[in-house]
Amino acid sequence: MPRHSLASIAAVARFLVLATLLTFTTHADASATPRIAASNWTVAETLIALGVTPYAVADIPNYNAWVAAPPIPPATLDMGLRNQPNLELLAQKPPDVLISSALFSRDNARLEHLMPVRLIDNFSSDLPYFDATVEMTREIARLSHTEDRAEQLIAETKRTLTRTSEALAEVNRPVYVVQFSDPRHVRVFGEGNMVGTLMARTGLDNAWTGPTNGWGYANVSLDRLAETPNAHIVVIRPFPRSVNAELSSNHIWTHLPAVREGRVSEIDPVWIFGGLRSIERLCHALVGALAPDVTLTDGDAS
Amino acid sequence: MSRTRSPRWIVLLLAAGVITLGYVNLATQFGDLEGHWWQAMLSPDDDRIRQVVLHFTLAPRLLVALMGGAALALAGCLMQQVLRNPLASPATLGVTSGAQMALVIATLWGPSWMLAGREWIALAGGAGAAALVLALSWRARLAPMVVVLSGLVVSLYAGAVSSALLLFHQQSLTGLFIWGAGALAQDSWDDTRFLAVRLGIVLVLALLLLRPLSLLDLEEEGAKSLGISMRKLRFAALGLGIFVTACVVSAVGLIGFIGLAAPAIARLSGARTLRQRLGWSLPIGALLLAVTDQVVQALSPLTAALLPTGAMTAALGAPLLLWLLPRLSLNGARPVTRGAMAMPRRVHPERRLWLLAGVAVAVVIVALGFGFVLEGRSAHPAWMGLGDLGLVIDWRLPRVATAAAAGLMLALAGTILQRMTGNPMASPEVLGISAGVAIGVIALMLLPLGIAPLSRSLGGLGGAIAALLVLIACNRRNGFAPERLLLTGIAISSLLDAMRAIVLASDDPRAQSLLSWLSGSTYYASLTSMGWIVVIAMALLVLVLPLQRWLTLLPLGAPTAKALGVDVDRSRLILLALVALLTVAATLVVGPLSFVGLLAPHMARLMGLNRARHQLVGAALLGMIVMVAADWLGRNLFFPYQLPAGVVAALIGGIYFMWGLRRL
């Protein structure tokens, strides 16, 4: 449709102007984009990646700890816990739309009195994780009128994945991607989230082949990481309290082949259930950890 | 029970179970090392990770299970002997949950203390909780029932504090859930050594106390005449029990029921003297925990979720407690209720009721009108203007009205229970019906991913009916005697605790929403649901008020009531059914944890509202006041984050309860 492409050109132009303006001004012109509240961190991350300042995001302190990047703009409101966004707050100046996810929502009919509610997430569809995430990004883009930026983002992510695959071609060890839940247990990530995607799209083998839950991970005791002795272990920060101090006296940990032979890398927080930006961040982190000699050029087309 | 029976066959059976399961687990988990098992266990080849894993996990885990079980059994034995109470145990005295709360707090705010010595933090928490429980039941001369009830309330309170903390730190505290549910996984011999040394010392000391402790079996006077300082002896034995429990808790987390079950099994299967009981409980406790842990290990490769051993023992222990109840003789005194039941009668109770009504209206006005107002990008506390009436009606009224209705129903249920059982510590929370509702909801939640609100109330109703059936089945024969009724309730509550721990430790993202529901939030109240709950509350109020004759006569005791023409069994059954309905409706809204059903009737009586009618109305008003205030505080204390009304009410109610118990 010609009108559509005209609008797209206008949107691109506006985006480019905005991008330059953004470096100089603190808040963007929000009148064109609807005010969107996101109770799911993955949606919040995607909105920010699309250049949209979310009107409100849930549980910002924990977002900063677990998703970390991209940072939440200072203008964004904190609307409380993810599964219970503060309705008294939203009711006083409702957003144009609230994006929630199946996990965090109940009785949306009630919320609909306040604002339209859309359930968008990348976990409750039948699609595999990456396709679901792409689909989610496009849907968010339609809501925030940033379709072109979304296509750019998707293309960037695919390029990053390709380059990651090239960068990791030399890695011939299987990899455990884990996050500590206490000094004796880890969440080990498998099929059905971005770790699975990355493994599938690069030549990397996942060292964990056991069962996983609906979010693609299993909670296991440390010794199960010895089941694939030649594996590399990638640990995603943050550590829960007291784990760091206790690991050195943990004999299983210190005897794991990967630990004895120095094949353990810590990477900065990445939201494993997150969106395209998180995937890119995981790519960069994994390349940094597994193939430190290779520099992964930014996926950006510029 | 025949006198020739001995616990030997139980021990042999359990030992056979441990050996068989242990061998099966060894063969399935370490089949690749066949032939090197002993070598790996004793001196593993450092370069072979499989041998290292076997060395640092298998044997230490078995030994820790055995020692932990033995330690808890020892603690249970000592406590039961000192308090002359077959229901005393580390869990029922609140020691384990007190220790857990102390460790949660230390982990959050003083991680460096943890390194200095977990067991001392756990000891401080455990000893504090036990001291509280004993102080609360001191007036009742440590009557078994009162001790157990105080322990339950202290545990509930510690649980509420932990819940409130975990709500805000869930992502970073997953590990605490695992530990809180008692996971025995080992990664070194440190815990084994830790427990071995401490268990050894405590065991030696306990053996030194054995002879004087046995004299407690005699009449107290007899022991005194033998020149023993009873107070010092009891203090020493209790201290040992608490210390050894704290060691286990700090090493492997919360392990339910072993401390209660092991001595009880020993006693029921024929161990009579203290020496015999101690001698048999230790192996029974050790093997019970080891068998459970072996079963957990055998199941664990099949699932992505983590199965916590401690919570599993608690889940198995609840039915065991139900089975034990009719078989234990509770020869302790009935709770002393005189002080609380006969407060001086006021001349003008009506005047007090009007005052309460006035307070209720004021609280409702504040809860509706005062809150956070958004200005630009920040919110600050202020009164709502008239222009915001729509907002108040849509978003505050449903929560306030729902909280009020729930508070009213819990208060009515508590009043009925307290009058019916003649026990001022009875409440729907204690009776286990709230827990039954929660168990039903959890069971439903674990099935499919998305759940409709309708199925939640059906699940809750199913759970409540199941709890009610259990209550009736276990109590019908003795005519719903108060003590048994409450103990049945305690067993059901502990089953809920176990299920909650298992779900939370499974590290399922849905745990957060479960936790917030269990904590009792009015968040989901809408104008429609509010309408329903208010109508239900009013209907039940209308049903309850005419029953004041029963409620006046039943506290006089069954024989008196019967003589005055009350069909005791039938009236109790009807009242029980009403309590169930009230509790289901309220629990679905504010969760199983609030103390309102306990504290509102109690407060009403302290205000001099002694007659059944006055107490019902006064308690109802107080329940509304407390619940509405709790909801308002929860909504505004940490705006925009919201604490569930149930947790806030529990935090307020718990403090009141502990203060008020001095009068019991």
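Computed from a prediction, not measured in an experiment: that's the story for all the values here. (Residues numbered from 1 in each chain as written. Chains lettered and ligands numbered in written order. Predicted model: local features only at pLDDT ≥ 70, side-chain atom pairs only at ≥ 80, totals over all residues. Heavy atoms only, no water.)

A separate point is the overall build of chain A. In terms of helices and strands, chain A carries 12 helices and 10 strands. Across the 302 residues of chain A, 58% fall into the buried class. Long-range contacts, defined here as pairs at least 24 residues apart, represent 64% of the contacts in chain A between residues at least 6 apart. Split by element, the accessible area of chain A, about 12,100 Å² in all, is 54% carbon and sulfur. (Helix = DSSP H or I, 4+ residues; strand = E, 2+ residues; numbered from the N terminus. Buried < 20%, exposed > 50% of the residue type's maximum accessible area, 1.4 Å probe, protein only. Contact = heavy atoms within 4.5 Å. Areas by Shrake-Rupley, 256 points an atom, 1.4 Å probe, with all protein chains shown as cover.)

For the peptide bond that leads from A:Ala69 to A:Pro70, omega is -5 degrees, which places it in the cis range. Counting through the fold element by element, A:Pro70 comes out in the loop between helix 3 (60-66) and strand 3 (77-78). With an omega of 5 degrees, the peptide bond running from B:Phe639 to B:Pro640 counts as cis. Here B:Pro640 is to be found in the loop between helix 28 (612-636) and helix 29 (645-660). The backbone of A:Asp59 shows a phi angle near 50 degrees, a positive value even though the residue is not glycine.

It is worth spelling out the nonpolar core at this point. Residue and element names in this part refer to chain B. Ranked by size, the top nonpolar core spans 129 residues in total, and within it Met409 and Leu431 carry the most contacts. Here this core gets 17 residues from one element, more than from any other, and that element is helix 17 (residues 389-421). Both domains that meet at this core, namely domain 1 (3-324) and domain 2 (367-662), each give it at least three residues. The next biggest cluster of nonpolar side chains, apart from the first, holds 89 residues, and it includes Cys77, Leu93, Val154 and Leu233. (Core = buried A, V, L, I, M, F, W, Y, C linked by side-chain atoms within 4.5 Å. Domains from an automatic or database assignment.)

Turning our attention to the sheet that holds strand 1 (residues 36-38) of chain A. Residues and elements named next belong to chain A. Read from one edge to the other, the open sheet built from five strands follows the order 3-2-1-4-5, with strand pairing classed as parallel. Strands at the two margins of the open sheet, each flanked by one partner only, are strand 3 and strand 5 (117-119). Note that strand 2 (residues 56-57) and strand 3 share two bridges and pair parallel. For Val57, the partnering residue across the bridge sits in strand 3 and is Asp78. Of the strands in this sheet, strand 1, strand 2 and strand 4 (97-100) are in contact with helix 2 (residues 41-49), which crosses strand 1 at around 140 degrees. (Pairing = 2+ DSSP bridges. Axes fitted to C-alpha atoms, helices over the stretch in contact; angles between N-to-C directions.)

Attention shifts here to the packing of helix 9 (residues 190-214) of chain B against helix 13 (residues 274-299) of chain B. Residue and element names in this part refer to chain B. Following both chains from N to C, one finds helix 9 and helix 13 inclined at 150 degrees, their axes separated by 10 Å at the closest point. Between helix 9 and helix 13, the crossing angle belongs to the class labelled roughly antiparallel. Facing Leu203, Leu210, Leu213 and Ser214 of helix 9, the residues of helix 13 in contact are Leu274, Arg275, Leu278 and Leu282. Here the contact of helix 9 with helix 13 is composed, by residue class, of six nonpolar, one polar and one charged. (Parallel < 35°, antiparallel > 145°, perpendicular 65-115°, else oblique. Nonpolar A, V, L, I, M, F, W, Y, C, P; charged D, E, K, R; others polar.)

All names here are of chain B. Tallied over the full model, the rule gives nine cavities of 30 Å³ or more. As for the largest cavity, its lining consists of 45 residues, and the residues nearest its centre are Ser97, Ser155, Ser494, Asp497 and Ala498. Where the lining of the largest cavity is concerned, the elements lending two or more residues are helix 4 (95-109), helix 7 (144-169), helix 8 (174-180), helix 14 (309-324), helix 19 (433-446) and helix 21 (482-505). In terms of residue class, the lining of the largest cavity is built from 27 nonpolar, 15 polar and three charged. (1 Å grid on protein atoms, 1.4 Å probe; cavity = no way out; pocket = protein on both sides within 12 Å on 5 of 7 lines; lining within 4 Å. Points joined across faces, edges and corners; volume = space filled by probe spheres on them.)

All right, on to a nonpolar patch on the surface then. A cluster of nonpolar side chains, contributed by B:Val197, B:Ile201, B:Val204, B:Leu205 and B:Leu208, occupies part of the molecular surface with about 460 Å² of accessible area. Here B:Leu205 shows up in helix 9. (Patch = residues over 30% accessible without salt bridge, like charges linked within 9 Å, V, L, I, M, F, W, Y side chains within 5 Å. Salt bridge = Lys/Arg side-chain N within 4 Å of Asp/Glu carboxyl O.)

Residue and element names in this part refer to chain A. Overall, the coordinates contain 16 salt bridges over all chains when judged by the stated rule. The partner of Arg118 in a salt bridge is Glu139, with the nearest N and O atoms 3.3 Å apart. Of this pair, Arg118 sits in strand 5 while Glu139 sits in helix 6 (residues 129-144), and the two are 21 residues apart along the sequence. Judged by its relative accessible area of 22%, Glu139 is partly exposed. One salt bridge in this structure joins Glu151 and Arg138, with 2.8 Å as the shortest N-O distance.

Turning our eyes to something else, we now look at the environment of A:Leu153. Residue and element names in this part refer to chain A. Looking at the secondary structure, you find Leu153 in helix 7 (residues 147-167). For Leu153, a relative accessible area of 1% puts it in the buried group. In the structure, Leu153 is positioned 85 residues away from Pro238 in sequence and 27 Å away in space, judged by C-alpha atoms. Ignoring sequence-local partners within four residues, the contact set of Leu153 consists of Ala49, Leu50, Thr137, Leu276, Arg277 and Glu280.

A few words on the packing of aromatic side chains. Applying the stated rule across the entire model yields 12 aromatic pairs over all chains. Judged by centre distance (5.3 Å) and plane angle (70 degrees), the rings of B:Phe370 and B:Trp383 are edge-to-face. Taken as a pair, B:Phe370 in strand 1 (residues 370-375) and B:Trp383 in strand 2 (residues 378-383) lie far apart in primary sequence, 13 residues in all. A residue is classified by how much of its surface remains accessible, and B:Phe370, at 25% relative accessible area, is partly exposed. Members of the aromatic cluster, connected to one another through ring pairs, are A:Trp41, A:Tyr63, A:Phe189, A:Tyr217, A:Trp271 and A:Phe273. Above the face of the A:Tyr55 ring, A:Arg35 is positioned so that its terminal group lies 4.8 Å from the ring centre. The aromatic ring of A:Trp41 is capped on one face by A:Arg82, whose charged end is 3.8 Å from the ring centroid. (Phe/Tyr/Trp six-rings, centres within 6.5 Å; stacked < 30°, edge-to-face > 60°. Lys NZ or Arg CZ within 6 Å of the ring centre and 35° of its normal.)

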